[in-house]
Every structure is written in structure tokens, then in C-alpha cells.
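# A closer look at the structure
Chain by chain, the residues run as shown.
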Amino acid sequence: MQVTQTSSQGLKQEFRVVLPAGDLAAKLAAQLSEVQSKAQIKGFRPGKAPIGHLKKLYGKSIMGDVLQEAVNEANRKIVADHQLKIAVEPKLDFPGGQEEVERALAAEGDLAFTVTFETLPKFEVGSFDGIVIERPVAGVEDPDVEKALQSLAERSQEYETKTEGAKAAKGDKLTIDFTGKLDGAPFEGGSGGDVDIVLGSGSFIPGFEEQLEGAGSGEERLVKVQFPKDYSAQNLAGKDAEFDVIVKAISSPKTLEIGEELAKKYGFESFDAMKTAVRGNLEADFEKASRDKMKRALLDVLDTRYAFDLPETLVEQEFSNIWAQHEQESRRANRTVAEEGKTEEETRAEYRKIAERRVRLGLVLAEIGQSANVTVEDKDLTDALVERARMFPGQEKQVWDYYRNNEQAMAQLRAPIYEERVVDHISKLIKINDKTVSREELFADDDDA
């Protein structure tokens with residue numbers, strides 16, 4: 001094997017590798033000899049089939065494996081000899097083309113190829129002295145608990161049938177049949193039977209529920225609406241539609257009872273126990289929101305502390321993911337580039353900066369974690385997998401098996417856990433000042449970089 005470095009530009013290192021025909025032939029012979037000892041070929045005693053016959057039968061297939069392993073061995077040797085830290089899989093190029101590869105497969109010629117490695121940048125993590133982060137915090141107040149209890153009560157709202165002749169009002173639950181039409185013709189997915197709808201809930205197309213107010217049981221109504229421009233079904237977005245609606249039943253909401261009966265509905269021994277649990281859940285939500293904002297502030301600081309070349313391939317991969325998500329959301333919202341107020345070039349430039357930030361911070365956190373020997377415990381990974389499986393009721397085993405048998409999927413599951421562990425480590429090395437804020441400030445959305 002002959003290895004010569006032909007280029008070194010920034011994070012890209014290129015090498016020319018020549019695998020001599022003699023070496024390849026020797027490897028092929030060794031493989032054929034091993035096959036001979038095990039082969040059972042019709043017309044020959046076990047282990048006695050001639051090498052030449054085996055070469056005709058299996059030579060090209062075996063040489064394919066030999067070439068693949070030889071290429072892999074060359075790449076490993078280059079990485080080890082030059083102490084390279086690889087960012088992505090190396091890129092191979094065979095300048096001799098298919099003809100040279102075929103000759104190598106027949107063990108009749110050398111195989112020459114170039115391999116390009118994109119390496120990770122080298123940078124010093126440095127000290128975290130002097131970093132001061134503000135962490136917004138808010139306490140759970142009694143009104144917060146009361147509001148949560150009110151919400152839980154509304155979720156379990158019970159209804160009673162209205163008296164004969166009563167009309168539907170906001171807050172009532174109606175049971176309806178409906179048939180939707182576009183330009184007088186029914187459309188797919190536009191019909192339903194025995195569908196419950198609470199007037200004023202906003203669960204149907206805007207304008208639909210309001211047109212049923214004042215209807216009586218058994219009454220038929222024609223409801224005219226326009227689908228929102230960002231409606232999920234693009235064939236309906238922005239379209240005018242009509243619905244033939246039959247009101248089959250009307251029920252009014254019973255008075256909400258927020259007390260012992262509500263606690264029993266949710267499986268608590270007492271209302272006090274329910275309030276304690278609700279407060280605990282709210283405190284966990286508040287703590288998570290506080291940590292998320294502290295983490296965002298920390299990442300902003302780290303983003304400004306480090307400047308180094310980024311692997312182009314990693315940036316391009318991240319940008320492609322972000323851009324694909326952007327296009328998917330634009331299609332779902334039926335939104336054009338012009339409506340966003342920016343040209344496509346401007347939007348692409350903005351998202352590329354986001355991709356660069358993500359790649360830079362990912363490399364920084366990985367380096368910090370490696371330097372500090374940050375690890376992810378098996379229990380943490382198992383807990384995350386259990387949580388992921390629970391998101392797919394009835395398919396838990398399939399999800400579990402998929403992740404357990406897919407190394408890349410497990411790595412994707414591990415990555416956010418590892419990131420949180422690194423943030424925990426950094427948090428111990430910097431100064432964090434708590435700032436008391438209101439609930440609204442704590443949960444206010446930040447621009448997502």
C-alpha cells in the first residue's frame with residue numbers, strides 16, 4: 001500500500017492511495033484458500049475443489065470484499081498515522097474509472113484512489129471564569145393552581161340534554177351530522193356523523209360554530225365558511241365551502257364542581273392531594289422553563305466566545321434539514337416567500353447562519369463534554385427510550401426494538417441527553433444569578449435561533 005498526501009487545505013486533507021495488484025492477489029489467494037477448506041462443491045470431495053475452479057465461481061465476489069476491506073484498512077491507517085479527527089465519512093474518488101476497478105477485481109492491476117477527509121477543527125475550550133448568566137425564576141402562586149384545576153375540570157366537563165324546544169348557545173355541546181361541499185360537490189373528508197362540537201371551542205373551521213348558535217334539535221342549517229389560507233390540506237386552503245348540517249342533539253354544560261368529586265374523577269384520594277400534585281407539576285414546568293432560558297443564555301455566550309472553521313459538510317447537512325423543515329412549514333401554511341417579506345436568498349442566508357451556529361455549538365459542547373469526561377448513563381438512555389415508546393400506544397415493542405437494533409437511532413436519542421449533561425457541567429463552573437420574573441415573562445417565547 002502506497003499513501004501520499006496530495007492536499008491540505010483548512011479542514012480538508014486529501015491522500016492518494018495505491019493498492020498494488022500483487023497485494024490484492026495475495027489477499028484473494030488467502031481468502032480462496034479459506035473458502036477451499038470449507039467448500040462443498042458438487043463433483044469434488046469436501047475441501048478438495050481446485051483453487052482455479054473456486055476463483056471462477058467466487059473470485060469476483062471475494063475480490064469485491066477484499067477491495068472494500070483494503071480501502072477501509074487504508075483509510076484507518078491514514079487516520080491513525082496522521083492523527084485525524086474525522087467530521088464525516090471520507091469521500092472516495094477512483095480516477096481510473098470502472099475499467100481500473102474491473103482490472104483490480106480480476107487481480108490484474110493496481111487500484112489507485114483518492115480519499116478526502118473533512119476533519120474537525122482544533123480549538124481550546126479555555127476557562128469559564130467571568131461568565132455570568134441570568135436565570136429567570138418565578139414561583140407558583142395559588143391563582144396558577146386554581147387556573148390549572150379549572151382547566152382540568154373543563155376537560156372533564158359533563159353535559160345534560162336541554163329541554164325540548166331549547167336553542168343552542170355558546171358553550172353548549174351539539175351532536176351533528178354534516179356534509180361539506182366545494183362548488184356544490186362533496187369533497188373527501190368533508191362529511192361526518194354523530195360528531196360532537198362545543199360551540200365557542202374553536203375546534204372547527206372559523207365561522208362554523210357561530211352559525212349554529214340559535215339552532216334547535218332536529219334543525220337543518222346551511223353553514224358557509226372559508227377554509228383558512230394556512231389550512232393543513234392544501235387542496236382546501238383558502239377555498240369557500242358549504243356544509244349541510246343536521247343538529248341531532250343539544251346539551252348544556254353542568255356546573256363545574258372543583259372539589260372532592262373532581263379529585264375522584266382523576267383518581268386522587270382527596271382534593272388536597274390533587275392540589276398538591278397539580279402544584280408539583282406546575283413547579284416542574286416552571287423549573288423547566290427557567291432552565292431552558294438559562295441554557296439559551298449560556299449558548300448565546302458560548303456562541304460568541306468561539307470562532308473557528310466549520311466542516312462544510314456538517315453545515316450543509318444541518319442547513320438542508322432546516323431548509324426542508326422551512327419548506328414543509330411553508331407548504332402547510334400555504335405561505336409564499338413573498339408573503340414572508342424576504343427574498344429566498346435572504347431567507348437562505350439567515351438559515352445558513354442558524355446552521356453554522358448549531359454546528360459550532362455542537363462541536364463546542366462535544367469538546368467540553370469530552371474534556372470533562374461527561375457520560376450518559378444507561379439508565380438515562382433507557383428512561384428516554386421508554387418515554388419515546390410511550391408516545392406510540394400499541395406500538396411500544398416495535399419502537400423499542402427499532403431503537404435497540406438501530407445504532408444511529410440510539411445515537412440520536414442519546415445526543416440531547418448528552419447535551420443536557422454538558423450544560424449541567426458548565427453550570428457548575430459559571431456564575432448564575434437568579435432574577436424573579438412574572439409567570440408571563442417566564443413563559444414568553446424567545447426568538448428561536
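The structure presented is a predicted model; accordingly, all values stated were derived computationally and were not measured.

### Structural notes on the overall build of the protein chain
The secondary structure content of the protein chain amounts to 12 helices and 11 strands. Computed over C-alpha atoms, the radius of gyration of the protein chain comes to 33 Å, more than 25% over the 22 Å expected from 2.2 N^0.38 for 449 residues, which places it beyond the range of a compact globule. Along the first, second and third principal axes, the C-alpha set of the protein chain runs to 95 × 65 × 55 Å. Here the protein chain, with 449 residues, has 33% of them falling under the buried criterion. Considering only residue pairs separated by 6 or more positions, the protein chain has 69% of its internal contacts joining residues 24 or more positions apart. Summed over its atoms, the accessible surface of the protein chain is roughly 27600 Å², and 47% of this surface lies on carbon and sulfur atoms. Distance between charge centroids for the protein chain: 5 Å, based on 61 positive and 84 negative side chains.

### So, the packing of aromatic side chains
The geometry of two aromatic rings is summed up by the distance between their centres and the angle between their planes. Enumeration according to the criterion identifies 17 aromatic pairs in this entry. Ring geometry for Phe227 and Phe243: centres 6.5 Å apart, planes at 55°, overall tilted. Within this pair, whereas Phe227 is found in the loop between strand S9 (220-226) and strand S10 (240-253), its partner Phe243 is found in strand S10, the two being separated by 16 residues in sequence. Taking 6.0 Å as the distance between ring centres and 65° as the angle between the ring planes, the aromatic pair formed by Trp323 and Tyr351 counts as edge-to-face. In this pair, Trp323 is assigned in helix H7 (residues 312-332) and Tyr351 in helix H8 (residues 344-371), connecting sequence segments 28 residues apart. Just as Trp323 is buried, Tyr351 falls in that class too. What links up through ring pairs into an aromatic cluster is the set Phe178, Phe187, Phe204, Phe208, Phe227, Tyr231 and Phe243.

### Re the nonpolar core
If you look at the biggest cluster of nonpolar residues, it comprises 44 residues, and the most contacted ones within it are Phe128, Leu302, Tyr306 and Ile426. Of all elements in the fold, only helix H6 (271-305), H7, H8, helix H9 (378-390), helix H10 (396-404) and helix H11 (407-427) reach the threshold of two or more residues within this core. Sort the elements by how many residues they give to this core and H8 lands first, with 9 residues. What Ile426 contacts, discounting residues up to four positions off in sequence, is Phe128, Leu298, Leu302, Leu365 and Ile368.

### Focus: H8
Between its terminal C-alpha atoms H8 stretches 40 Å, which fits the 40 Å expected from 28 residues at 1.5 Å a residue. One or two residues past the end of H8 sits Asn373, with phi positive at roughly 60°.

### Let's talk about the packing of helix H4 (residues 142-155) against H6
Where H4 meets H6, the closest approach of the two axes is 10 Å, and the angle between their N-to-C directions is 110°. In terms of their interaxial angle, H4 and H6 are classed as roughly perpendicular. Contacts from Asp142, Asp144, Val145, Ala148, Leu149 and Leu152 of H4 reach H6 at Phe271, Met274, Lys275, Val278, Arg279, Leu282 and Phe286.

### Things to note about the pattern of salt bridges
Summed over all chains, the structure comprises 34 salt bridges. Among the ionic pairs, Asp272 bridges to Lys275, the shortest N-O distance being 3.7 Å. Remark: Lys275 and Asp272 occur in helix H6; sequence separation between them is 3 residues, near one turn of the helix. Of the residues examined, Asp272 reaches a relative accessible area of 52% and is grouped as exposed. Asp380 serves as the salt-bridge partner of Arg421, at 3.1 Å between the closest nitrogen and oxygen. Of the two residues, Arg421 sits in helix H11 while Asp380 sits in helix H9, which places them 41 residues apart along the sequence. The network of salt bridges with common partners includes Arg291, Lys295, Asp380, Glu419, Glu420, Arg421 and Asp424.

### A few points about unusual backbone geometry
Here Asp183, not a glycine, exhibits a phi torsion of approximately 55°, which is positive. Looking at the secondary structure, you find Asp183 in the loop between strand S7 (173-182) and strand S8 (185-198). Among the residues examined, Asp183 registers a relative accessible area of 82% and is labelled exposed. A positive phi angle is found at Asn373, which is not glycine, with a value near 60°. Examined against the element boundaries, Asn373 turns out to sit in the loop between H8 and H9.

### Looking at the environment of Glu316
Mapping Glu316 onto the fold places it in helix H7. Residue classification places Glu316 among the partly exposed positions, given a relative accessible area of 38%. When the C-alpha atoms of Glu316 and Ser156 are compared, they prove to be 48 Å apart, with 160 residues separating the residues in sequence.

### Considerations on H9
In this model, H9 (13 residues) spans 18 Å end to end at C-alpha, consistent with the 18 Å of a helix rising 1.5 Å per residue. Of all the positions in H9, only Leu381, Leu385 and Ala389 are classed as buried. The buried residues of H9 occupy one face: seen down the axis, they fall within an arc of 75°. Of the residues in H9, the exposed ones pointing more than 90 degrees away from the buried face are Lys379 and Arg390. Check the buried side of H9 and you find it contacts H10 and H11.

### Description of the side chain of Ser427
The residue Ser427 is located in helix H11 in this model. Take Ser427: its relative accessible area is 18%, and that puts it in the buried class. With sequence-adjacent residues up to four places away left out, Ser427 is seen in contact with Met294 and Ile432.

### Comments concerning the environment of Gly64
Residue placement: Gly64 occurs in helix H2 (residues 51-82). You can call Gly64 partly exposed: its relative accessible area is 27%. Sequence separation of Gly64 and Leu361 is 297 residues, and the distance between their C-alpha atoms is 40 Å.

Calculation notes
Residues numbered from 1 in each chain as written. Predicted model: local features only at pLDDT ≥ 70, side-chain atom pairs only at ≥ 80, totals over all residues. Heavy atoms only, no water. Helix = DSSP H or I, 4+ residues; strand = E, 2+ residues; numbered from the N terminus. Rg over C-alpha atoms; globule rule 2.2 N^0.38 Å. Buried < 20%, exposed > 50% of the residue type's maximum accessible area, 1.4 Å probe, protein only. Contact = heavy atoms within 4.5 Å. Areas by Shrake-Rupley, 256 points an atom, 1.4 Å probe, with all protein chains shown as cover. Lys, Arg positive; Asp, Glu negative; His and termini not counted. Charge placed at Lys NZ, Arg CZ, Asp CG, Glu CD. Phe/Tyr/Trp six-rings, centres within 6.5 Å; stacked < 30°, edge-to-face > 60°. Core = buried A, V, L, I, M, F, W, Y, C linked by side-chain atoms within 4.5 Å. Expected span 1.5 Å × (residues − 1). Axes fitted to C-alpha atoms, helices over the stretch in contact; angles between N-to-C directions. Parallel < 35°, antiparallel > 145°, perpendicular 65-115°, else oblique. Salt bridge = Lys/Arg side-chain N within 4 Å of Asp/Glu carboxyl O. Arc of directions from axis to C-beta.

By themselves, these are just geometric observations and shouldn't be taken as functional.
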